[in-house]
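An overview of the molecular structure
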Amino acid sequence: YDFDVLSTSMVLFVFVRHGQTEYNAGGRYQGHVDSKLTKEGLQQALLVGQRLKQSKPMQALYSSDLGRCKSTADAIVKGAFGLKNLVDHEQAEKGFTFSQMLRERHFGHWQGLTKSMVKEKYADEVKADAGDWQHKMQGGGESRLDVLSRTMKVN
């Protein structure tokens, strides 16, 4: 994005997914399981922060409370402001919100497993789930509509 062309009266929302994690690199369902950022994931977040440095000052930051998301937010702040961590930022208490309501979709007992492991261990669930993740989720997890409902409750 060319942040310079945006009107000064516009509110700019920037959505960032957490950096690459050990589970991402291994092709595993994460959900609410907290997997650490890889070195590449940390570098990805630092680069986002450096890019955001060129934009208007950050007024607020909303993030999941999971460690991978906090680490991503921390690296973005480091890249954007050159600070040691979020705690060093003067707006930390009033401008940053970490909430479990913003967590990734819960994948039930599929969490931590690879897609091939799920297909092998839960073949009937995979077959039953095909094509309708909007309204249901096999394995005891959340549907997409469940996630939407949960995230809309964040203040």
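Only a predicted model underlies this, so the values are computations on that prediction, with no experimental measurement involved. Just so you know, the residues in each chain are numbered from 1, in the order the chain's sequence is written. Since the coordinates come from a predicted model, pLDDT governs what is reported: local features require at least 70, and pairs of side-chain atoms require 80 or more to be given and counted, while whole-chain, interface and lining totals use all residues. Side-chain figures throughout are based on the complete set of non-hydrogen atoms in the structure, without hydrogens or water.

To count toward a patch, a residue needs a relative accessible area above 30% and no salt bridge. Like charges then connect within 9 Å, nonpolar side chains (Val, Leu, Ile, Met, Phe, Trp, Tyr) within 5 Å. Areas reported here follow the Shrake-Rupley algorithm with a probe of radius 1.4 Å; residue values treat only the protein chains shown as occluding. Counted as salt bridges are all cases of a side-chain nitrogen of Lys or Arg within 4 Å of a carboxyl oxygen of Asp or Glu. Residues V11, F13 and F15 make up a contiguous nonpolar surface patch of roughly 440 Å² in combined accessible area. In DSSP terms, a helix is any run of H or I states spanning at least four residues, a strand is any run of E spanning at least two, and both are numbered starting from the N terminus. Within the secondary structure, V11 sits in the segment before α1 (22-25). Whether a residue is buried, partly exposed or exposed follows from its accessible area with a 1.4 Å probe, protein chains only, as a fraction of its type maximum: under 20%, in between, or over 50%, in that order. With relative accessibility at 63%, the residue V11 sits in the exposed group.

Before going further, it helps to spend a moment on the packing of aromatic side chains. Under the pairing criterion, centres of Phe, Tyr and Trp rings, with the six-membered ring standing for Trp, must be within 6.5 Å; the plane angle then separates stacked pairs below 30 degrees from edge-to-face pairs above 60, leaving the rest tilted. One pass over the structure, following the stated rule, counts two aromatic pairs. With a centroid separation of 5.7 Å and 55 degrees between ring planes, the pair formed by Y29 and W110 is classed as tilted. Highlighted residues: Y29 in the loop between α1 and α2 (39-52) and W110 in the loop between β2 (96-99) and α5 (115-121), separated in sequence by 81 residues. Judged by its relative accessible area of 2%, W110 is buried. Three or more aromatic residues joined by ring pairs form one cluster here, namely Y29, F107 and W110. A cation sits over an aromatic face here: K70 above F98, 5.6 Å from the ring centre. For a lysine, the NZ atom is tested; for an arginine, the CZ atom; a charge sits over a ring if that atom is within 6 Å of the ring centre and within 35 degrees of the ring normal.

Next up on the list: the confidence of the model for the protein chain. In the predicted model, the protein chain carries a mean pLDDT of 83, and the fraction of residues at 70 or more is 81%. Note on scores: pLDDT gives the predictor's confidence for each residue, bounded by 0 and 100. Here helix α4 (residues 92-95) stands out as the element of the protein chain with the lowest mean pLDDT, 55, in contrast to α1, whose mean of 96 is the highest.

Turning our eyes to something else, we now look at the pattern of salt bridges. Within this structure, the stated rule accounts for five salt bridges. D74 is the partner of K78 in a salt bridge, and the nearest nitrogen-oxygen pair spans 3.5 Å. Of this pair, K78 and D74 are both found in helix α3 (residues 67-81), four residues apart, which corresponds to roughly one turn of the helix. K78 sits in the partly exposed class, given a relative accessible area of 34%. What you see here is one network of salt bridges that share partners, running through D34, R68 and E104.

Right, let's talk about the nonpolar core for a bit. The definition of a nonpolar core used throughout is a set of buried Ala, Val, Leu, Ile, Met, Phe, Trp, Tyr and Cys residues joined through side-chain atoms within 4.5 Å. Judged by nonpolar contacts, Y29, F107, W110, L113, V118, Y122 and M137 together constitute the single largest core of seven residues. Excluding its chain neighbours within four sequence positions, the residues that come into contact with Y122 are H109, W110, L113 and M117. Contacts: residue pairs with any heavy atoms within 4.5 Å of one another.

Two elements in contact, α2 and α3, have axes whose closest approach is 7 Å; the angle formed by their N-to-C orientations is 45 degrees. In terms of orientation, α2 lies oblique with respect to α3. Crossing geometry of α2 relative to α3 is assigned as right-handed. On α3, the residues that touch L42, A45, L46, V48, G49, Q50 and L52 of α2 are T72, A75, I76, K78, G79 and A80. Partitioned by chemical class, the residues of the contact of α2 with α3 number eight nonpolar, four polar and one charged. An axis is simply a line fitted to the C-alpha atoms; with a helix, the fit covers only the stretch in contact. Between two such axes, the angle follows the N-to-C directions and lies from 0 to 180 degrees. Working rule for angles: under 35 degrees goes down as roughly parallel, over 145 as roughly antiparallel, 65 to 115 as roughly perpendicular, anything else as oblique. The hand of a helix crossing depends on one turn: near helix anticlockwise from the far one by less than a right angle means left-handed, and clockwise means right-handed. All residues other than Ala, Val, Leu, Ile, Met, Phe, Trp, Tyr, Cys, Pro, Asp, Glu, Lys and Arg, Gly among them, are scored as polar; the first ten of these are nonpolar and the last four charged.

Residue position: S99 is located in strand β2. A distance of 3.0 Å separates the side chain of S99 from the backbone nitrogen of M101, its partner in a polar contact. When sequence neighbours within four positions are dropped, the list of residues in contact with S99 reads S63, S64, D65 and V154. Distance and chemistry together define a polar contact, namely a pair of N or O atoms within 3.5 Å, with one atom able to donate a hydrogen and the other to accept it when in protein, and with adjacent residues in sequence counting only for side-chain atoms on both sides.

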